[in-house]
Amino acid sequence: MIVLKFGGTSVANAENIAKTIQIVTNKSKEDKLAVVVSAFSGVTDLLILAGKTASSKDKSYKDIVSQIERKHKDAIDELVPLSEQSDIINTINREINHLKTLLDGCYLLGELSNRTADIVAGFGELLSSQIIAVALKQKVSNSTFKDSRELIKTNSNFGKASVDFAVTNKLIADFFKLNTNQAVLLPGFIASSTDGNTTTLGRGGSDYTAAIIAAAVKSTALEIWTDVNGMFTANPKIVKQAQPIETISYQEAMELSHFGAKVLYPPTIQPVLKDSIPIYIKNTFEADAYGTLISNNPNASTNPIKGISHIDNIALLTLEGSGMIGVSGSSKRLFEVLSQESINVIFITQASSEHSICIGILNADADRAKSAIDKTFETEIAQNRVDPTIVEKDLCIVALVGESMKNHQGISGKMFSTLGKNNVNIRAIAQGASERNISVVINEKDVKKALNTLHERFFEDNTKQLNLFVMGVGNVGEKFIDQINQQKKFLKENLKINLRVIAMANSRTMVFDEEGINLKDWKTALAEGEKANVQSFISKVKDGNLRNSIFVDITANYDIAAIYDKFLSENIAVVTCNKIACSSEYNNYKNLKNLSRKYNAPFLFETNVGAGLPIIDTLKHLIASGDKVNKIQAVLSGSLNFIFNNFSETYNFHDVVKEAGVQGFTEPDPKIDLSGVDVARKILILIRESGYQMDIEEIENNCFLPKECMDTTTNEDFFKSLTKHADHFNKLLAEAKSKDSRIKFVAKFDNGKASVGLQFIPKESPFYNLEGKDNIVEFYTDRYVDQPLIIKGAGAGAAVTASGIFADVIRIGNV
């Protein structure tokens, strides 16, 4: 004999019930069956709401009853032939009338006793089971209905009654021994006390009903049919990459179900454990899928972790004080008072000093628990030997579960370091001596990040998901998005990095998609996005609280550069090509670097100098290895190098500058490049990264632009001024030719002083042959004294800048 249980989603509507009946029909051809069903999806909640509404003197409970009645009669119309409907409709009418009478009484009395609440809540299973039994008989003629209340006997603890197994097992065994039907359909969740009153077995109690029957009849298997393909390595609604667990031990399943794996009601395993009855978790909507087998002999696995689970809405209560040290009985008094208040303790940890005891309970019980504990310890509190109970709400328990964890070293360390790297603060830790689970208490707002981060660490072959929030999608931004789209598959297969662009924004609109924006059609998504707002963008990034979040700034905007601290302080990495922040006031620069270290949030800006060239990265390695930079000489403006390499008697200065802008070599405001400000910022960043303190005002800027050019306020006026002062630029060109030199805009740092300006470079200089938009940097250090360390290559352009930004993102992924 096999026991089958079908949950609320499996019997949510006529279509689903038809699938359920087909499964039962197929299985009844091979085995005798006991079939336990839940209430139709949502009905139990409606019944509980109706009871509360009626007892609150609110007549709208009648509308709720009408809704319940319609739902069940609609199911009859769809499942039962018209000629067979009369008896079942009469049965449903009788049950509904009984429900109405009970609720009318609650309304008149203005109260809902636990006993009445049990009767009301149990109507869902009574109604669904009797309808499904009639529908099943159309397919399996040798089937019948049996009221579970006649078989399962409990005490009178209404709400969550305890089963009298001695009586119950005999009643069930005797009934099925005499039963000749191929399938017996029973309502789950409900039972009855020894004096005949309806009781319930707790929310999720239909699983328990099925397990009780399975144990009593020594069934060959217990099958729990639900809407997922078994137990998963994590909640698939929160962790999209969660995988079905093929086999798992009873103990592991109990741990996972206790810690919130909602596919299985925690007490379900206990009745069948003694006789080693296998439990299968199956999917009603994918009946051929394997599901999960729970047994004593699960298949061996190389992964010591079987699953990650969590419990929401947890409060942490801490009782502490010097008066507890060495005093026996403190723990007994604490747990005794909680037991008296019927408060379930989910989590326990105690300091070895005996100075404090920390427990986790449901949020809803926290205030009542604090009041009861403080009253129990009122003498000690009055004498300042024990502090009043500390309550922290809105927390969550996350647990790693695995039978083999005890045989593997370092699991705890991996768990804690993984959470720590993502700024998930652990409030409390507990691990049983069996080492079957490691539990931590964290803030509820961090649960999604924590579950995904841990799942990534233990189940996804070390694949790291990076979530990008991109600000600025102009020339460079567009190239950056294209490069991600092109390399996404390669990164996942070869570097185990899963890149997702969660948000992007320009000056007009912004778009967010927590599942990742479709990069093949991102322009349409952005065009149809909401109005851009920097504060709203920041809030959405923070509220998303995604693991491995990276803010990518591809603008030259002062306001955007001013918000990096908002991200870094939330453990959100920042990657930027915007030089403004790192060349701003020194204290701001240092603050950003400090925030990066404090919150373990990378702050990378390789493209601030040299676009995609590894200048800053190389400099960091020099400093980290103990070298000291003494002197820097560099051509740091790819745009200026392009301009002066192409400026000639036949190609005037105005036109060359225009062309540099068209090719994306200059900033949106070309005056920033030509004034020397951009180069000053770059050498300042290199000076600071070399370990020196300096502000931009200390850099001597020998600007070659006439004052009128500098005083313009628009790009149009600036270009007009270049034409007007063409003679000035032609004289510079003529002087260079007369000296057999080339014009370069050079940045220098030596002996604590820095300058930027035009120089006429002779042929013997390594700067002379610098072509196109190339940059070159010479580092003179304690180790590179006579011959400098030279870095040279393309230092401007949308593609190389985008690749530099991309490289910074990859660096974060490889940390």
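Report on the accompanying structure. (Residues numbered from 1 in each chain as written. Predicted model: local features only at pLDDT ≥ 70, side-chain atom pairs only at ≥ 80, totals over all residues. Heavy atoms only, no water.)

A separate point is the overall build of the protein. Tallying secondary structure elements over the protein gives 30 helices and 30 strands in all. Taking 28 Å as the expected radius of gyration for a compact globule of 815 residues, we find that the protein reaches 36 Å, considerably beyond that expectation. Taking the principal axes of the C-alpha coordinates as reference, the protein spans close to 115 × 70 × 55 Å. Put simply, the protein has 815 residues, and 54% of those count as buried. Of the contacts formed within the protein by residues at least 6 apart in sequence, a portion of 72% connects residues at least 24 apart. Put simply, the protein shows about 35100 Å² of open surface, and 47% of that area lies on carbon and sulfur atoms. Taken as two groups, the 90 positive and 96 negative side-chain charges of the protein have centres that lie 2 Å from each other. (Helix = DSSP H or I, 4+ residues; strand = E, 2+ residues; numbered from the N terminus. Rg over C-alpha atoms; globule rule 2.2 N^0.38 Å. Buried < 20%, exposed > 50% of the residue type's maximum accessible area, 1.4 Å probe, protein only. Contact = heavy atoms within 4.5 Å. Areas by Shrake-Rupley, 256 points an atom, 1.4 Å probe, with all protein chains shown as cover. Lys, Arg positive; Asp, Glu negative; His and termini not counted. Charge placed at Lys NZ, Arg CZ, Asp CG, Glu CD.)

Once that is clear, we can look at the packing of helix α1 (residues 14-28) against helix α6 (residues 123-137). Two elements in contact, α1 and α6, have axes separated by 10 Å at closest approach and are oriented at 55°. For the element pair α1 / α6, the angle class is oblique. The crossing of α1 and α6 is right-handed. Of the residues in α6, those in contact with Ile17, Ile21, Val24 and Thr25 of α1 are Ile132, Ala135 and Leu136. Across the contact of α1 with α6, the residue classes break down as six nonpolar, one polar and no charged. (Axes fitted to C-alpha atoms, helices over the stretch in contact; angles between N-to-C directions. Parallel < 35°, antiparallel > 145°, perpendicular 65-115°, else oblique. Left-handed = near helix turned anticlockwise from the far one by under 90°. Nonpolar A, V, L, I, M, F, W, Y, C, P; charged D, E, K, R; others polar.)

Further remarks concern the sheet that holds strand β26 (residues 699-702). The six strands are arranged β26-β28-β27-β25-β29-β30 in an open sheet whose pairing can be described as mixed. Either end of the sheet is taken by a strand with one partner, and the two such strands are β26 and β30 (789-794). Averaged over all neighbouring strand pairs, the angle between strand axes comes to 20°, with direction disregarded. When strand β25 (residues 629-635) meets strand β27 (residues 742-750), the two strands line up antiparallel, connected through four bridges. Across the sheet, residue Lys631 finds its bridge partner in β27, namely Asp750. Where helix α23 (residues 638-646) meets the sheet, it contacts β25, β27, β28 (753-761) and β29 (774-781), and its direction lies at approximately 150° from that of β27. (Pairing = 2+ DSSP bridges.)

Grouped together as the largest cluster of nonpolar side chains are 80 residues, with contacts concentrated most on Phe537, Phe551, Phe653 and Phe704. It is helix α26 (residues 677-689) that provides the largest number of residues to this core, a total of seven residues. Setting aside anything within four residues of it in sequence, one finds Phe653 in contact with Ile643, Phe644, Phe647, Leu674, Phe704, Leu722 and Phe729. Ranked by size, the runner-up nonpolar core spans 48 residues in total, among them Phe6, Leu99, Ala135 and Leu136. (Core = buried A, V, L, I, M, F, W, Y, C linked by side-chain atoms within 4.5 Å.)

Applying the stated rule across the entire model yields 37 salt bridges. In this structure, Lys593 engages Glu689 in a salt bridge whose closest nitrogen and oxygen atoms are separated by 3.1 Å. One end of the pair, Lys593, is in helix α21 (residues 586-598); the other, Glu689, is in helix α26, and 96 residues separate them in sequence. What makes Lys593 buried here is its relative accessible area of 16%. Here Lys682 makes a salt bridge to Asp678, at a shortest N to O gap of 3.2 Å. Here Lys682 pairs with Asp678, and both are found in helix α26, just four residues apart, close to one helical turn. A single burial state applies to Lys682 and to Asp678, both of which are buried. (Salt bridge = Lys/Arg side-chain N within 4 Å of Asp/Glu carboxyl O.)

Next up on the list: the sheet that holds strand β8 (residues 221-226). Read across the open sheet, the eight strands follow the order β3-β5-β2-β1-β8-β10-β11-β9; overall the sheet is mixed. Each end of this open sheet is capped by a strand with a single partner; those strands are β3 (143-145) and β9 (247-249). On average, adjacent strands in this sheet sit at an angle of 20° to one another, irrespective of strand direction. Pairing of β9 with strand β11 (residues 292-295), which is carried by three bridges, proceeds in the parallel orientation. Along β11, the bridge assignment pairs Ser249 with Ser295. Along the sheet face, α1 touches β1 (2-6), β2 (33-37) and β8 and points at about 175° away from the line of β1.

Scanning the model with the defined rule gives 22 aromatic pairs in all. Here the basic side chain of Arg457 rests over the ring of Phe458, its NZ or CZ set 5.9 Å away from the ring centre. Just above the ring of Phe605 sits the side chain of Lys620; from NZ or CZ to the centre is 5.4 Å. (Phe/Tyr/Trp six-rings, centres within 6.5 Å; stacked < 30°, edge-to-face > 60°. Lys NZ or Arg CZ within 6 Å of the ring centre and 35° of its normal.)

Let us look at unusual backbone geometry. At Lys218, a residue that is not glycine, the phi angle is positive and equals roughly 55°. In this fold, Lys218 is placed in the loop between α8 (205-217) and β8. According to the relative accessible area criterion, Lys218 is exposed, its value standing at 53%. For Asn571, which is not glycine, the phi torsion reads 65° and is therefore positive. Summarising the element assignment, Asn571 is placed in the loop between α20 (564-568) and β23 (573-576).

Taking 1.5 Å per residue, 25 residues should reach 36 Å; helix α4 (residues 85-109) reaches 36 Å between its end C-alpha atoms and fits that length. Of all the residues in α4, the buried ones are Gln85, Ile88, Thr91, Ile92, Glu95, Ile96, Leu99, Leu102, Leu103, Cys106 and Tyr107. Buried residues in α4 make contact with α2 (43-55), α3 (61-79), α5 (114-121) and α6. Looking one or two residues beyond α4, the residue adopting positive phi is Gly110, at roughly 70°. (Expected span 1.5 Å × (residues − 1).)

With their axes 10 Å apart at the nearest point, α4 and α6 run at an angle of 175° to one another. Comparing their axes, α6 and α4 come out roughly antiparallel. On α6, the residues that touch Ile88, Thr91, Ile92, Glu95, Ile96, His98, Leu99 and Leu102 of α4 are Phe123, Leu126, Leu127, Gln130, Ile131 and Val134. A per-class count over the contact of α4 with α6 returns 10 nonpolar, three polar and one charged.

Moving on: the pairing of strand β10 (residues 279-283). Along β10, four of the five residues are buried, which leaves the element largely enclosed by surrounding structure. Sheet topology note: the β8/β10 ladder contains five bridges and is parallel. By the bridge assignment for β10, Ile224 is matched with Ile281.

Next up on the list: the side chain of Gln465. By secondary structure assignment, the location of Gln465 is in strand β18 (residues 464-471). Polar contacts involving the side chain of Gln465 include one to the side chain of Asn467, which spans 3.4 Å. Within the structure, the side chain of Gln465 is placed 3.2 Å from the side chain of Arg500, a separation counted as a polar contact. Setting aside its immediate chain neighbours within four residues, Gln465 contacts Gln241, Glu456, Asn498, Arg500, Arg547 and Asn548. (Polar contact = N/O pair within 3.5 Å; in protein donor to acceptor, adjacent residues only side chain to side chain.)

Fair warning: the whole summary comes from geometry, so function is off the table for now.
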